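Topology and contacts: notes
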Amino acid sequence: MTPPPFQRLLDAHAGDVLRFLVGAVGREDADDAFQETFLSALRAYPDLAHADNLRAWLFTIAHRKATDVHRARARRPVPVGDVEERAAPEPPDASDWDPVRELPPRQRAVLTLRYAADLPHRDIAAILGCSEDASRRAAADGLKALRKELVP
Amino acid sequence: MTRLTPPTADPTAALARFAATAPADVSYAFVDSPVGTMIAAGTDRGLACLGYEDLHGGADPLLERIAAEISPRVLLAPAKLDRVRRELDEYFAGTRQDFDLELDLTLARPFARKILAATARIPFGSTSTYGEIAAEAGSPGAARAAGGALGSNPIPIVVPCHRVLARNGTLHGYTGGLHRKQQLLELEGVRTLGM
């Protein structure tokens, strides 16, 4: 089966992918990650074996790009002064997500996929290669950790 | 924080950047013209499709056909169709008689490609007949098949199938509707005998 014109994926999912990436890596790196996500998707698109859950497939790629950004940051620690400079221009809705980016990888991924991109736990489990239960648990743990951090 | 709400994010700029740089196999754009909105689609080889938007169910089925028959890497990238848009504007403004565009005839079958190639040689302001075009394409006597091939011309106007008439000089048929055939011929100063 031929997948639909690629533009249809952009029309349907570009907004959610960008919201997910803003949540997952921050506003500053979101645009580059967006470009890389859709470039990878475009490259792989004609060889796609089945086109039944293109949304989950796209977010699998977006999640991988977000993970790449975090790994690159871990290798290249940002001086404290820079962090403050970068945090300042973030509008309040995006800075809500700052503490999420400090969580362990799985909790971060589950919370951004669930609450920034509105994916169901079934899709999140498929994207992360874990069970639905594990996805729900990671979300609960993540939210608990955020409450602890934010309500001293 | 009690609740995580999705961050606001407007993808317009990111989409524009993607459309300008992504290596699509097929780029398309909507082109306004005096004969209606058209969907222009091109590949590295040239213009592959110029479809009337109000026909055959609109843009979606046309783009699906392009995805199936050329490549699913189809992107809305108007800037890549700038030259097509400019030449069409010039044609409709009366300042251009010949299109200077490469064509990609992937959407046409082999027989239709020969018919389209013969049709592309009919000069501005002239007409031919289905029989003459068939003979020109190396299939004398195949007037009816030529009519069929032109009826599914993927690149009307640029491949001027509107210049092909029935032997008795009537308009006969047109992929975009007879009123458009008449309109295009009038624009080229051709007097027609009607439908």
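Residues numbered from 1 in each chain as written. Chains lettered and ligands numbered in written order. Predicted model: local features only at pLDDT ≥ 70, side-chain atom pairs only at ≥ 80, totals over all residues.

The subject of this paragraph is the pairing of strand 2 (residues 38-42) of chain B. All names here are of chain B. Most of strand 2 sits inside the fold, with five of its five residues counted as buried. Burial along strand 2 is two-sided: the residues Met38, Ala40 and Gly42 and Ile39 and Ala41 are all buried. In this structure, strand 1 (residues 26-31) lies alongside strand 2, joined through five bridges in antiparallel fashion. Across the sheet, residue Tyr28 finds its bridge partner in strand 2, namely Ala41. Pairing between strand 2 and strand 3 (residues 47-52): five bridges, direction antiparallel. Within the sheet, the bridge partner assigned to Gly42 lies in strand 3 and is Leu47. Hairpin geometry of strand 2 and strand 3 is characterised by an intervening segment of four residues between the two adjacent antiparallel strands and by a positive phi of about 150° at Gly46. (Buried ≥ 20, exposed ≤ 12 C-beta atoms within 10 Å, placed from the backbone. Helix = DSSP H or I, 4+ residues; strand = E, 2+ residues; numbered from the N terminus. Pairing = 2+ DSSP bridges.)

Attention now goes to the packing of helix 4 (residues 110-120) of chain B against helix 6 (residues 143-151) of chain B. Residue and element names in this part refer to chain B. As a packed pair, helix 4 and helix 6 sit with axes 9 Å apart at the nearest point and diverge in direction by 85°. In terms of axis orientation, helix 4 runs roughly perpendicular to helix 6. Residue-level inspection shows Phe111, Ala112, Ile115 and Thr119 of helix 4 in contact with helix 6, the latter providing Ala145, Ala146, Ala149 and Leu150. Along the lines of polarity and charge, the residues of the contact of helix 4 with helix 6 split into seven nonpolar, one polar and no charged. (Axes fitted to C-alpha atoms, helices over the stretch in contact; angles between N-to-C directions. Parallel < 35°, antiparallel > 145°, perpendicular 65-115°, else oblique. Contact = placed C-beta atoms within 7 Å. Nonpolar A, V, L, I, M, F, W, Y, C, P; charged D, E, K, R; others polar.)

Turning our attention to the sheet that holds strand 3 of chain B. Strands belonging to one sheet form pairs held by backbone hydrogen bonds; the direction of such a pair is parallel or antiparallel. Residues and elements named next belong to chain B. Read across the open sheet, the four strands follow the order 3-2-1-4; overall the sheet is mixed. Single-partner strands in this sheet number two, and they are strand 3 and strand 4 (74-76). Each neighbouring strand pair of the sheet contributes to a mean axis angle of 25°, computed without reference to strand direction. Relative to strand 4, strand 1 runs parallel, the two being bridged by three bridges. In the sheet register, Ser27 faces strand 4, and the bridge partner there is Leu75.

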